[in-house]
Every structure is written in structure tokens, then in C-alpha cells.
Amino acid sequence: MKKELALELKHITKTFGNVVANHDVSLDVYKGEILAILGENGCGKTTLMNMISGIYFPDEGEIFVDGKPVIIRSPKDAFRYKIGMVHQHFKLVDIFTAGENIVLGDSEKKRFNLNDVNNRVAEITERYGFTVDPQKKIYEMSVSEKQTVEIIKVLYRNADILILDEPTAVLTPQETRNLFEVLRNMRADGKSIIIITHKLHEVLEISDRVAVLRKGEHIATVDTKDATESSLTEMMVGQKISLNIERTEPKNSVVRLKVEGLSATDDEGLKVLDNISFEARSGEILGIAGIAGSGQRELLEAIAGLYPLNEGDIIYNNPKTGDTVDLRNKTPLQIRNLGVRLSFVPEDRLGMGLVGNMNITDNMMLRSYRRGKSMFVDRARPKALASEIIESLQVNTPGVSTEVRKLSGGNVQKVLVGREIAAAPTVLMVAYPVRGLDINSSYTIYNLLNKQKESGVSVIFVGEDLDVLLELCDRIVVINSGRITGICDGRTVTKEEVGLLMTKSHEEEREVKSNE
Amino acid sequence: MSIVNYLLSSFSIGIIFLLGATGEIITEKVGHLNLGIPGVMSVGAAGGCVALQLMYGHNLPGFLIVLIALIACFVSAGLMGVIYSFLTVSLHSNQNVTGLALTTFGVGITKFIMSRLTRIGAHEYLYALEYFRAPFANLTNSLKYCGVMTFIALITAILVSYFLYRTKTGLNLRAIGESAATADAVGINVTSYKYLATIIGSGIAGLGGLYYIMDYAGSQEAYLSIEALGWLSVALVIFSLWKPHICIAGSFVFGLLYIANAYASSILGIQLPMAMTPLIKLLPYVFTIVVLILTSIRKKRENQPPAGLGITYFREER
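Everything numeric in this text was worked out from a predicted model, so none of it was measured.

1. Observations concerning the pairing of strand β2 (residues 19–30) of chain A
Residues and elements named next belong to chain A.
And step 1. Of the pairings in the sheet, the one linking strand β1 (residues 5–16) to β2 comprises eight bridges and is antiparallel in character. Note on β2: the bridge partner recorded for T15 is V20.
And step 2. Between β1 and the antiparallel strand that follows it, β2, lie two residues; G17 among them carries a positive phi value of about 60°.

2. Digging into the interface of chain A and chain B
How big an interface is tends to be stated in terms of accessible area lost as the parts join.
And step 1. At the interface, 31 residues of chain A touch 21 residues of chain B.
And step 2. Taken as a group, I95, L104 and F112 of chain A account for 23% of the area that chain A buries against chain B, more than any other trio of residues on that side.
And step 3. A salt bridge links R301 of chain B to D94 of chain A, with the nearest nitrogen and oxygen atoms 3.1 Å apart.
And step 4. Of all the elements in the fold, those that place two or more residues in the side of chain A that touches chain B are β1, α2 (75–80) and α3 (98–103) of chain A.

3. Thoughts on the domain arrangement of chain A
All names here are of chain A.
And step 1. Per the domain assignment, the segments of chain A are domain 1 (5–237), domain 2 (255–341 + 425–516) and domain 3 (354–423).
And step 2. Computed from C-alpha atoms alone, the centre-to-centre distance between domain 2 and domain 3 is 26 Å.
And step 3. Listed by partner, the interface residues are 14 residues for domain 2 and 11 residues for domain 3.
And step 4. Here domain 2 meets domain 3 over a buried area of about 1100 Å², counting both sides, of which 67% is carbon and sulfur.
And step 5. Among the residues of domain 2 in contact with domain 3, R336, P425 and L448 are the three that bury the most area, contributing 37% of the side total.
And step 6. The interface formed by domain 2 and domain 3 holds zero salt bridges in total.
And step 7. At the boundary of domain 2 with domain 3, the tally comes to two residue pairs in polar contact (both at pLDDT 80 or more).
And step 8. Per-element accounting of the side of domain 2 that touches domain 3 gives the leading share, five residues, to helix α15 (residues 439–454).

4. Remarks on unusual backbone geometry
And step 1. Residue P135 of chain B follows A134 of chain B across a cis peptide bond; omega there is 5°.
And step 2. Secondary-structure assignment places P135 of chain B in the loop between α5 (129–132) and α6 (148–166).
And step 3. The backbone of E166 of chain A shows a phi angle near 45°, a positive value even though the residue is not glycine.
And step 4. Turning to its location among the elements, E166 of chain A is positioned in the loop between β7 (161–165) and α6 (173–188).

5. Details of the layout of surface pockets
All names here are of chain A.
And step 1. Considering only enclosed or pocket space, the second largest pocket measures out at about 1200 Å³ in volume.
And step 2. Mapped onto the lining of the second largest pocket, the elements with two or more residues apiece are α10 (332–337), β16 (342–345), α11 (349–353), α12 (360–368), α13 (380–392) and α14 (409–422).
And step 3. Mapping the lining of the second largest pocket onto the domain boundaries places at least three of its residues in each of domain 2 (255–341 + 425–516) and domain 3 (354–423).

6. Quick look at the nonpolar core
And step 1. Ranked by internal contacts, the top residues of the largest apolar core, which has 130 residues, are L183 of chain A together with F132, I213 and M214 of chain B.
And step 2. Of the residues forming this core, the biggest block, 12 residues, is contributed by helix α9 (residues 190–217) of chain B.
And step 3. Ignoring sequence-local partners within four residues, the contact set of F132 of chain B consists of L52, V66, A69, L70, G147, V148, M149, L210, M214 and D215 of chain B.

Rules used in this analysis
- Residues numbered from 1 in each chain as written.
- Chains lettered and ligands numbered in written order.
- Predicted model: local features only at pLDDT ≥ 70, side-chain atom pairs only at ≥ 80, totals over all residues.
- Heavy atoms only, no water.
- Pairing = 2+ DSSP bridges.
- Helix = DSSP H or I, 4+ residues; strand = E, 2+ residues; numbered from the N terminus.
- Contact = heavy atoms within 4.5 Å.
- Buried area = accessible area lost by both parts, 1.4 Å probe.
- Salt bridge = Lys/Arg side-chain N within 4 Å of Asp/Glu carboxyl O.
- Domains from an automatic or database assignment.
- Polar contact = N/O pair within 3.5 Å; in protein donor to acceptor, adjacent residues only side chain to side chain.
- 1 Å grid on protein atoms, 1.4 Å probe; cavity = no way out; pocket = protein on both sides within 12 Å on 5 of 7 lines; lining within 4 Å.
- Points joined across faces, edges and corners; volume = space filled by probe spheres on them.
- Core = buried A, V, L, I, M, F, W, Y, C linked by side-chain atoms within 4.5 Å.
- Buried < 20%, exposed > 50% of the residue type's maximum accessible area, 1.4 Å probe, protein only.

What follows is the structure in C-alpha cells.
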């Protein structure tokens, strides 16, 4: 069978400020094929697809549809070229019915009649083997039904090129199987399907070809039949790069924090943490690796007393008194009043960590304003602390009274980490502390963490760069869809092993469980 | 007779709230909370009165005078909408602050213009009262307040309701207020919808101000009371759960409550002390709060404010 080109990308580059999201990416998509785009988080998969669907506009490069060069400036343009995208976060209006959502924005010059819409939806669902009730309101639907509505929305506009951004992340195995059935029907109908994913077994199961992206660059496109899980992982994570981060042997290591069987669900009732158990020891850096959104944020927030747990215990061993306390379902204030010295550097620095419109001194006070009995605040000590942090961490700022939002990302992070370390924690949790930072700032942060480790603090480090995790951490916990898939020794484990643990499925296990 | 008069007066003062609220609903349905409505209504009234003053003595036919005044009113109020949408849609400024600033500005400039008008001539713009109050202008009871604009207001409310809930453009418009990102992703031009909705909404609200001066009140000091009525229009939007057809009934209820004290003695035979007046005028707000509490308890999704109300939308956000 001769394959016709449906979509070509040539030398696409896109940058956001200093961050290069895509660099010189070229891709082909044929008619009647399923192309999987594989890569770690932050490798530019979604950005690339957003450029095809008109959300972003490429800085450089060209896009061809059916062999003709096109300019896609908006989602409307994309629809005109019969390109439709199903986003990872559904874009649906909750209080509208499925039918209303499907017809939304449709530019057909016909008399508006919801019955006609519903009939056409029924036609599409029958053709590809979906089930959906067009009269049902979105807020009454399950995640999988919502996804179905999204896909029909695209098909309703006669899209020939469908882009699905991590469609299976929210589905059960049964629902995934149904979705794949639908995708195969669409392929048979001559449509081109691009599926973004980082689940290797799904890539192997559904796709015809796989394009691998790494750090914004296109590594290779291979035929799925020639690929294996390990060959794909290797392309995805790449060669190990030496970073020369110093790592000392842990001294006098004792268990400081013991997490047992943590389980939690999100707003939609999906499991975000599933039976998580590990120990964090004093004087070591415990890394947490995983694809973004595998439960890292929920895990740290649960320990910090910010995320409600369904099950499990968080046992803290107090080094001073030798007592153990359970931190489960306690508020951050209760945790602090128990004498637990827990510091948390959240991933969202200016959202959860610092207040952007307040100056450095005031941000210091966020952690200490309860001290003292006077009704007036004591500004002298926070101010001294702010000056100290500015000096010792070389924060580049005009002074202590500069608003935090005016500082660069690296300096914001130094202020935040500095404040948390100044609280003399026994457990220090940091989430993506070097995200968006330049090399020098990153090393400053690594050194700070190492110093904390040497002084006997138990450091929990959530990272995304495997090279950093492998060089910085003593042990690495790998989580995947809210479950621990492995706890490795940071000194001996290889990048590929961690990569596989991050992406491998535990679907078989899950199914056995559901059959019981 | 006083009961009939009470009902008619309530109905006609309700028209002010109805126009204000209908305009505000269109704006809120695209996710913009325009707290400038009192100012918009004031400026609309001023624009209409200036046009009337200019037409004074030219012996134009009555319907043309009304039509031109309405257009002038709509355009001047719409200009306030242009300011509001430029600041909040294009410059992403805070909607509440912008709205409140617009109220202060609108009320202030109206006071200036209207006081000038009074000084130039002897508020001649009131000559047009009979045209606005047509066809009941010569009656002595409260039916005389039910002039042409009453019908315009009722028809507008019904049309807007039909537009919002029965047309595709209305569906697109409501989608923006619920989730601008969703609307954007399906190719709806969010910015132009927001501009148009805000400007047309402001224009409709502005008519409420003109109605009050040229129909209900018919006096030269009337412009001083528009601001208070404007705030009630904003409250009526909440009271009617963001639905213009409910607004029609809601505006009547607000009217009944707002002027209750004036008719209390003649209908119920109770003599209320003057000091009670402001308290009774509070009743619409009390009712609005009760409605808010009830809908919050019931939590029916369809009765909640647009999900994106007050949220500024940026496209290239990462």
C-alpha cells in the first residue's frame, strides 16, 4: 500500500524566553497511520503539538499539510486544515451538554438545531464504535466519557489529522482498550493519528511508527515493529552525561521519616497515590524520580500536611527526644507544634512558596510571624536573616526590600531555599528546585542540599533530570502513576533502568487485582 | 386605586433594573464583571439628554426625537464599554478596579454635564417627556410611566434570552464566560466576542439611565439617583441567576420592594417614619442575599455564575 503524506514539519524551533522548547524538529505523518511521540516530560512533545494545533506559533520552520505549506496561527486555522487536538486537560464547558460542547465554535452556516447535531454525533459514534449520550451534561460525566466527547468534537469538524495528548493517562485499562479500538477504526478510515505518550507498552501496542524527542530535539523516528522497550528507553533518556556533582557517603544514617502505605485520590476520584511506602534517612538525599504528574506533588504535600490521605501513616522520629509521631492528616501548624522540623520547597515557588508582591524581609516573616508575644511584628530579625541569605547565597538583588517577583527565577529559588534551610529542618523536601535555573544557580542549590545532608538532614529531592538524580542522590525512589516501581541505589543504578521503571506498565498486576 | 398605582410604578421602576441587568448579563456571560454599570447608566442618560437638548426647538417628529436620543444614549454608554473592554480585555487590568473606576468616572462626568445642561437652558430636554411616555403620556395614574422604552426593555430582555440560549452565537458567547480557553481552542474569537458583548451590554444598560430620567422620574434632579439604581441592577443579575427572562420577573420584585415605603401608608394604612425609608430600600439587597444563599445551598450547576467570571484570559500562557 502506497502511503501518502498527510503532515510534514520542517525544522521547527520554538523558544519561551531563554528556554528552548523545540529545536529544529522535522517530522512526517502519513495518512492511515498512528504515529506515537515519545519522550520524557519537558522534552517538548506538547509544545510541538500545540504548534500544529494553533495554540503556539513556531519561531522558525515550516508546516506542510497535504504537501502544501500552511500557516497555522490559531485553532481555527488548524480546523481549516482538518487538524484537531484532544488536549490532556479537557477543554469542555462543564454546564453544557455533550452535544453543545461538540457544536461549539463550529462555523457551519446552517440553522442551529441541536437535534441535527445530536443525530450527526450518533452517526460518528456508530461509525467508530464509541458510546456517548449527547444530551448528558459534562459535569455528570466520567473522565473517559469526557475524553470521548473531546474526540467526537474533533471528528465532528471533519478532522483528518488527530492529535491526542496523553490520552490514556486518565483511563482504566478497560477504557484504554476501548480507546485503542476506536483509534484503529479511525486509522482504517484513513485518518492520521498522532498520540503523545510515555507509556512504552502502549506505544508498542498501538502505533505504526514512533518518533522520539529528547530535550526538545527529534532523536529518531523508527518503525514500531523494529522497536523494543529497551531500545526506545535508550533513545528517550540518551547517554549519561557526567555533571561532577560531589556526593559524600551518608554518615550516621538513621530512619527519620517512615512512610507506610500512603493512598490518596484526587478531585475526580482517581488514585494519585497508591500504597506508597519508603524510608527517608538522616544524612542522605533521597531522590524521587518519575514522569511529571505521577504523584510526586501529592506525595510531598501529603507529608507536609497539605493533601488529604485515604490511607497510610507518616511516622517521624524526633532526633531530640527519640519519640515517634504520626503526621497523617495533621495541618502544617499542628506538625510544627509537635516539634517536627519539616521544611518544604514546593515546585510552584511564587504560588506556594513565596508571595511575589512582598519583599524579601516580609517573605522571611511568613515563616516566623507567630514568634514572640508582642502585637507588633518584629522586623529586625527577619531583616537580618534576609541580609544573611542574600550574602551567603549571593542573591542578586538591589536590597532586602525588593519585591520577590522582580527577582530572576534563580534568585527567587535561592531566597526560598535559604529561608527553608534557615528554619534548621531535620527533613527538607524540595520539588524541582533547579527548574528554570541556569547552571551556576543549579550548582549553588546542589551544594546547599549537600551541606544539609552532611549536617544530618534528611533531604527528599524530587527531580526531573535523571543525570542530576543519579549523581546527587544516595537512593532513588521511582514512582509511576502513583505507585512505587522501584527503590534503587543512586550509586549503582543506570539511567536506562530508572527510565524503564518510570515508564513500564503495571497494568497486568492491576488487572489481576480487579479480577479478584 | 393605590394598589394598581403601586403595581404599575413598581413595574416601571423595575424597567430601569431590567435594562441595567440585561446589559450586565451579556457582559458577565463572557466572563467580565463590569462594576462600572452605575457609571455606564449615568453616562447613557447624559448622552441621551445632551442629544435631546440639541434637538430642542427644531420641530422634529416625536418618534425621531426618541430614536435619536436612544441612539445617542446607546453610543455614549457603549463608549464606556469600549473603555472597560480595552482596559480589561486588551490590557488585562483588574476587572473590579476598572469597573469601580468607571463608576466613579461615569457618575462624576454625568453630574458635570447635567449641571451644565441645567445652567444653559431651563433643562429643556424635559420637553421630550411626552414622546418618551407615549402612548400613555396624558394619563394621570402610574400607567403614564409605561412608555415606549418599557416595551423596548421587555423585548430586549426576551431577545437576549433567546439569543443566549437558542442560537449558536449565544452558545459560543456563554462558552467564553464559562471557559475562555475552551472557546479559544475551538476557534472562537474570544477577544472580539468580549469586546462586542461588553459594548452592546453597556449600551443596553445605558438605556436604563435614560429611561429613568425621561420616563419614570421626569425631573431635572433625576440624574443624581441613577448610581443607586445601577447598583441594584448589578444585584438583580445575581437575583435572576444570570438569566434575562428571570430578570423580567426579578425587576418587578425589585420594583415592588424599592418603592414599598411610598405606598405603605395608602395601601396598608401604616404610617412609616421617614427614617425607615433607607431600610426599606435595602430590601432588594436582602432578597439578593437570600437568593445567593439558597442557590449556594442547592449547588445546582446551572444556577451558578459563569465559571470564568472575573478571570482574565491570557492566551500564550505556559
